[in-house]
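One-letter residues, chain by chain:
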Amino acid sequence: AGVLADREAAVKLGRREYAGKRVLFILPVTVPGGGANIVLSESRAMRRMGVDVRVFNLQGHALKFGAGYRTLDIPTVFGSQMDVLRLAPDYDALIATVNFTVEWLKPLESAPNPPTLGYYIQDFEPMMYPDDPFGKRRAMESYSLLKRGVLFCKTQWNQKTVEAECAISPIVVGPSFELDLFRPRNRGSGPDARTLTIAALIRPETPYRAPHLTMALLKQAKARYGAQIRIILFGAPVDHPEFARYPSHFECEVAGIVSPEQTAHILSESDIFVDFSAHQAMGLTAMEAMGCGCATIVPEHGGASSFARHGHNSLIIDTRSEAACWEALKALITDASLRETLRLNAQHDVCAFHPEGAALNILGALFPKA
């Protein structure tokens, strides 16, 4: 309730300054994920400001995208890469959301009266290609590909990393999450209210999220605490081939690939959420967990410090140290007072990071006042 006035003020300012603008996000994704969820959340906020926001996805992704976002209320255009050029004259701004889509916008720079071209940087993507020289080079080059592009990102960590590596400084629009969905509910309504529920995101496709380390620590926790804890994993199906390579053979529930609504359900019945990633440019799922009232562990390397405060609303740890990860997890399992402090402070503090604020900052970056 404390931020309702701020959110309403942002919507009113957005309507006054940007109503009638047309914006297209290039979002070639198949299944729900953090990057897409952020774009859709802030698009929803922009639409409340009177901005005609749409997303563009590849035709081949239509079935999976529709299955993952069954309740999507943002108009979606499906087509081929070349359709982006055809659609461009209908919009005031086109925004790339992943490194290879910047290339799709590049030809528009030489068009007469081109729209504003933007790049929503949601990570330092060269880090995502440790064993792929081509992918790493392509990601690195994406930051300088648009000569007149508007580059923006979520956190100062992301800004400073791009600046240090590429001598380009994106605009920081601020962290955000969908706090109307990720809020406290069903607290203590799990199978056994005396059992602590621990949730973790396991995504084999992104090694920096440390799926092997996460599974090893959760296995260790289950071996030590047994029936005192319940473990829920989400982000990958149980039959994913990589699961066979992780420490397993311990009791857990695997929810698979989940929609934002399903994620909110899982986090709402969880007591602890752990993110042992090597880094997080922001850490959307951690924010969502905090909004749902979880005691949360986040990595110190990255942008989580933009919303997390160690010992106050979360535990910020050096995830390069397995010992540090284990001590943090053990503390949350055994110290009820610590859990309650972090949980209550988290669900209060993260409300400041509403999607309307970030959406307004994005519009200000795309359409600056003369």
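Report on the accompanying structure. (Residues numbered from 1 in each chain as written. Predicted model: local features only at pLDDT ≥ 70, side-chain atom pairs only at ≥ 80, totals over all residues. Heavy atoms only, no water.)

### A look at the sheet that holds strand 7 (residues 171-172)
The criterion, for reference: Following DSSP output, two strands are said to pair if at least two bridges run between them. Put simply, DSSP H or I for four residues or longer makes a helix, DSSP E for two residues or longer makes a strand, and each gets a number counted from the N terminus. Should any heavy atoms of two residues lie within 4.5 Å, those residues are counted as being in contact. A fitted line through C-alpha atoms represents every axis, and for helices the fit uses only the stretch in contact; the resulting angles, taken between N-to-C directions, go from 0 to 180 degrees.
Read across the sheet, seven strands follow the order 3-2-1-4-5-6-7 without closing on themselves; strand pairing throughout is parallel. The open sheet has two edge strands, strand 3 (76-79) and strand 7, and neither has a second partner. In this fold helix 2 (residues 34-48) packs onto strand 1 (22-26), strand 2 (52-58) and strand 5 (116-121), with an angle of close to 155° to the strand it touches most, strand 2. Its contacts with the sheet put helix 13 (residues 355-366) on strand 4 (93-96), strand 5, strand 6 (150-153) and strand 7, and the angle it makes with strand 6 is roughly 160°.

### Digging into the packing of aromatic side chains
Selection rule: Classification of ring pairs rests on two measures: the distance between centres of Phe, Tyr or Trp rings, Trp counted by its six-membered ring, which must be within 6.5 Å, and the angle between planes, read as stacked under 30 degrees, edge-to-face over 60 and tilted in between. The buried label goes to any residue with under 20% of its type's maximum accessible area, the exposed label to any with over 50%, and the partly exposed label to all in between, with areas taken from a 1.4 Å probe on protein chains only. Here, a charge over a ring means that NZ of Lys or CZ of Arg falls within 6 Å of the ring centre while also lying within 35 degrees of the ring normal.
Tallied over the entire structure, the rule returns seven aromatic pairs. With a centroid separation of 5.8 Å and an interplanar angle of 20°, the aromatic rings of Tyr 119 and Tyr 143 are classed as stacked. Of this pair, Tyr 119 sits in strand 5 while Tyr 143 is found in helix 6 (residues 133-145), placing the two residues 24 residues apart along the sequence. Here Tyr 119 falls in the buried class, since its relative accessible area comes to 0%. Tyr 143 gets classed as buried once you look at its relative accessible area, which sits at 1%. Note on Phe 124 and Tyr 143: the rings are 5.7 Å apart at their centroids and 10° apart in plane angle, and the pair reads as stacked. In this pair, Phe 124 is assigned in the loop between strand 5 and helix 6 and Tyr 143 in helix 6, connecting sequence segments 19 residues apart. Classification of Phe 124 by relative accessible area gives buried; the value is 4%. An aromatic cluster is present here, built from Phe 65, Tyr 69 and Phe 78 joined pairwise through their rings. For Lys 21, the ring lying beneath its charged end belongs to Phe 367, and the centroid distance is 4.7 Å.

Scope: geometric values only; no functional claims are made or implied.
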